[in-house]
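Single-letter residue listing:
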Amino acid sequence: MGEKTLKCFISYSHEDKKMCKKFLTHFANLARLVDTEHWYDGMIPPGGNIDDEIKKQLEIADVVFLLISPPYISSFYCYEKELTRAIERNNAGDCIVIPIVLRDFIRGDYLFSKLKYVPTDGKPVDQFKTQNDGFVDAFTGIKNLLSEFSKQHFPVPTSATKYTVSKDFNKGTKYNKVVITCSKYGKTSVSIPEWTMA
């Protein structure tokens, strides 16, 4: 696992609540294998500002799951607000977006059409022998993707990452400059009062 927990935002239509609940069950399995945590609008507390909370969580997400279905695509809020912003962040390299086809829809040139769908070949979850089979297929691909994403973006320092520390006395001052050099990430320095260096 990487150093950072991947924050995952789940975008779905409320008409798909039952399938979203099954998605969350499989996500809980995934969280035991990849360091992830999820958020969806059902977690907004009573009295919370729905729009503000959704915008906040969408902006900090590392991964956005789009639970695709006809109601999702027809929903103004899902498509114009959540999906549109998710694609903007994906294009800027700030997050990854994963479309999960829950139910089939009229295929065409949507904002998410250039992204690779899960389950395999974009087969809808509800067209597998059981929905469980569909979600297992989807999450197998998701697990591999998130594992690789975590390694690339949040690497764990290894023994190959070397650190050196040097101290330079700043003549005429009461401070010492400590320089920390990392073979992978470069240098940083901090000035420390002289009396703390004893």
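Please refer to the structure placed before this passage.
So, a few notes on the structure that sits alongside this text. (Residues numbered from 1 in each chain as written. Predicted model: local features only at pLDDT ≥ 70, side-chain atom pairs only at ≥ 80, totals over all residues. Heavy atoms only, no water.)

Re the overall build of the protein chain
Helices and strands together make up the secondary structure of the protein chain, namely 5 helices and 7 strands. Going from the N terminus to the C terminus, the protein chain shows its helices and strands as β-α-β-α-β-α-α-β-α-β-β-β. Here the protein chain holds 198 residues, and 39% of them are scored as buried. Put simply, of all contacts in the protein chain between residues at least 6 apart along the chain, 58% involve residues at least 24 apart. Of the roughly 11900 Å² of accessible surface on the protein chain, a fraction of 53% belongs to carbon and sulfur atoms. (Helix = DSSP H or I, 4+ residues; strand = E, 2+ residues; numbered from the N terminus. Buried < 20%, exposed > 50% of the residue type's maximum accessible area, 1.4 Å probe, protein only. Contact = heavy atoms within 4.5 Å. Areas by Shrake-Rupley, 256 points an atom, 1.4 Å probe, with all protein chains shown as cover.)

Some points on the nonpolar core
In summary, soluble globular proteins display a tendency toward joint burial of nonpolar side chains. By size, the foremost hydrophobic cluster in this structure holds 27 residues, and its most contacted members are Phe23, Phe65, Ile100 and Leu146. Secondary structure elements with two or more residues in this core: strand 1 (6-11), helix 1 (17-30), strand 3 (63-68), strand 4 (96-101) and helix 5 (131-153). Setting aside its immediate chain neighbours within four residues, leucine 146 contacts Leu6, Leu30, Val34, Thr36, Val63, Phe65, Ile96 and Ile98. Counting 23 residues, the second largest nonpolar core, distinct from the first, contains Trp39, Val64, Ile73 and Tyr79. (Core = buried A, V, L, I, M, F, W, Y, C linked by side-chain atoms within 4.5 Å.)

Here's the deal with the packing of aromatic side chains
Taken as a whole and judged by the stated rule, the model has 12 aromatic pairs. Relative to tyrosine 110, the ring of phenylalanine 105 has its centre 5.7 Å away and its plane inclined at 70 degrees; by these criteria the two rings are edge-to-face. Relative accessible area serves as the criterion here: at 9%, phenylalanine 105 is assigned to the buried category. Aromatic ring contacts, followed pair by pair, group Phe23, Phe27, Phe65, Phe135 and Phe139 into a single cluster. One residue, arginine 107, lies across the ring of phenylalanine 105, its end atom 4.5 Å from the ring centre. Residue placement shows lysine 123 over the ring face of phenylalanine 128; its charged tip is 4.4 Å from the ring centre. (Phe/Tyr/Trp six-rings, centres within 6.5 Å; stacked < 30°, edge-to-face > 60°. Lys NZ or Arg CZ within 6 Å of the ring centre and 35° of its normal.)

Focus: helix 2 (residues 50-60)
Regarding helix 2, the residues found buried are Ile54, Gln57 and Leu58. Along helix 2, the residues classed as buried sweep out an arc of 100 degrees about the axis, all on the same side. Those residues of helix 2 that are buried are in contact with strand 1, strand 2 (36-39), strand 3 and helix 4 (76-91). One side-chain oxygen at the N-terminal end of helix 2 lies 3.3 Å from the backbone nitrogen of aspartate 51; it belongs to asparagine 49. (Arc of directions from axis to C-beta. Polar contact = N/O pair within 3.5 Å; in protein donor to acceptor, adjacent residues only side chain to side chain.)

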